[in-house]
Amino acid sequence: MNDEGKRRTDPGTDGRSASTRARLLDATLLVLAERGRQGTSSRAIAAASGVNLAGITYHFGSKEELVSQALLEAARGWVEPALQALRSEADPASRMIRAVQALQEAFVGARDLLPVYLEALVDASRSDRLRGGIDELFGELRGFLAREIRTLQETGFLPAWIDPEPMAMLIVATGDGLALHSALDPEAVSPQAVASQALQLLLAASTGPRSSS
């Protein structure tokens, strides 16, 4: 049996392969945070992961593909807590509040990678996988937010003048703007204060429950 056949029939191969891929992805994010996108080399990733250089090509095809996938995994990690909040069984207003809080907490935890995230947004136009992944991820987030806003309008919590899709885009774009300012001057941005203001704006826009009369 050749080596390829052994890989297909060995039940431990898939687990080892997944472990190696995870190590490479984690190491790539570590190197990106320390050196930036331009300073992230294949050798640095290999050294940080304990995987040889050939492993990058074997598992991802190229360093560029590895970096794209690592950035997408990081972005999913930041956005997924907010999506989970929006998928919960709580009432719409509570879901929106929890989603804002989840984004704020993810923002704090990811500060070291914010410059890399901004680079990824710029570079997405030159990488089909990165652009497609980011479009899908943030499209899902915008879709959830728009549906929640529409539900809050239907229950009378938010006024009819709010346009759900543009407002959802505004919320996501505000997060990107915060990332930019935090990357430029981390001390100038307080995610907690910004999240508090966002919640206050949401409550201020509330029309309250509709009268039964």
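Residues numbered from 1 in each chain as written. Predicted model: local features only at pLDDT ≥ 70, side-chain atom pairs only at ≥ 80, totals over all residues. Heavy atoms only, no water.

Novice: Break down the overall build of the chain for me, citing the residues and quoting the values.
Specialist: Within the chain, the secondary structure is distributed over 10 helices and zero strands. When the elements of the chain are put in sequence order from the N terminus, they spell out α-α-α-α-α-α-α-α-α-α. In terms of principal-axis extent, the alpha carbons of the chain reach across some 80 × 40 × 25 Å. Evaluated residue by residue, the chain yields a buried proportion of 40% over its 213 residues. Contacts in the chain between residues far apart in sequence, at least 24 positions, make up 65% of those at least 6 positions apart. For the chain, the distance from the average position of its 22 positive side-chain charges to the average position of its 27 negative side-chain charges is 5 Å. (Helix = DSSP H or I, 4+ residues; strand = E, 2+ residues; numbered from the N terminus. Buried < 20%, exposed > 50% of the residue type's maximum accessible area, 1.4 Å probe, protein only. Contact = heavy atoms within 4.5 Å. Lys, Arg positive; Asp, Glu negative; His and termini not counted. Charge placed at Lys NZ, Arg CZ, Asp CG, Glu CD.)

Novice: For the pattern of salt bridges, give the residues involved together with the corresponding values.
Specialist: Opposite charge on two side chains permits pairing when their charged atoms draw close. One pass over the full model with this rule turns up seven salt bridges. For Arg-87, the salt bridge goes to Glu-140, with nearest N and O atoms at 3.0 Å. With Arg-87 in helix H5 (residues 63-87) and Glu-140 in helix H8 (residues 128-154), the pair connects residues that are 53 residues apart, well separated along the chain. Glu-148 is paired through a salt bridge with Arg-95; the nearest N and O atoms lie 2.9 Å apart. Of the two residues, Glu-148 is situated in helix H8 and Arg-95 in helix H6 (residues 92-109); the sequence distance between them amounts to 53 residues. A relative accessible area of 6% places Glu-148 in the buried class. Classification of Arg-95 by relative accessible area gives buried; the value is 13%. Here the salt bridges do not stand alone but share partners, grouping Glu-80, Arg-87 and Glu-140 into one network. (Salt bridge = Lys/Arg side-chain N within 4 Å of Asp/Glu carboxyl O.)

Novice: Any details on the packing of H8 against helix H9 (residues 164-184)? Residues and values, ideally.
Specialist: Each pair of packed helices can be described by the angle between their axes along with the distance between the axes. Two elements in contact, H8 and H9, have axes separated by 8 Å at closest approach and are oriented at 130°. Overall, the two elements H8 and H9 adopt an arrangement that is oblique. Of the two possible hands of crossing, H8 and H9 adopt the one that is right-handed. Across the interface between the two elements, Phe-138, Leu-141, Arg-142, Leu-145, Ala-146, Ile-149, Arg-150 and Gln-153 of H8 pack against Pro-164, Glu-165, Met-167, Ala-168, Met-169, Ile-171 and Val-172 of H9. For the contact of H8 with H9, the per-class residue count stands at 11 nonpolar, one polar and three charged. (Axes fitted to C-alpha atoms, helices over the stretch in contact; angles between N-to-C directions. Parallel < 35°, antiparallel > 145°, perpendicular 65-115°, else oblique. Left-handed = near helix turned anticlockwise from the far one by under 90°. Nonpolar A, V, L, I, M, F, W, Y, C, P; charged D, E, K, R; others polar.)

Novice: Summarise the layout of surface pockets; cite the residues concerned and give the values.
Specialist: The space that makes up the largest pocket amounts to roughly 930 Å³. Surrounding the largest pocket, 36 residues form its lining, Leu-103, Ile-171, Thr-174, Gly-175 and Ala-198 being those nearest its centre. Counting only elements with at least two residues in the lining of the largest pocket, the list comes to H5, H6, helix H7 (114-123), H8, H9 and helix H10 (191-205). In terms of residue class, the lining of the largest pocket is made up of 31 nonpolar, four polar and one charged. (1 Å grid on protein atoms, 1.4 Å probe; cavity = no way out; pocket = protein on both sides within 12 Å on 5 of 7 lines; lining within 4 Å. Points joined across faces, edges and corners; volume = space filled by probe spheres on them.)

Novice: Kindly report on the nonpolar core, identifying the contributing residues and their values.
Specialist: Grouped together as the largest cluster of nonpolar side chains are 52 residues, with contacts concentrated most on Trp-78, Phe-138 and Leu-141. For this core, the secondary structure elements donating two or more residues are helix H2 (11-35), helix H4 (53-60), H5, H6, H7, H8 and H9. A total of 13 residues in this core trace back to one element, the largest contributor, which is H5. Look past the residues within four positions of Trp-78 in its chain and what remains in contact with it is Leu-103, Ala-106, Ala-110, Leu-113 and Tyr-117. (Core = buried A, V, L, I, M, F, W, Y, C linked by side-chain atoms within 4.5 Å.)

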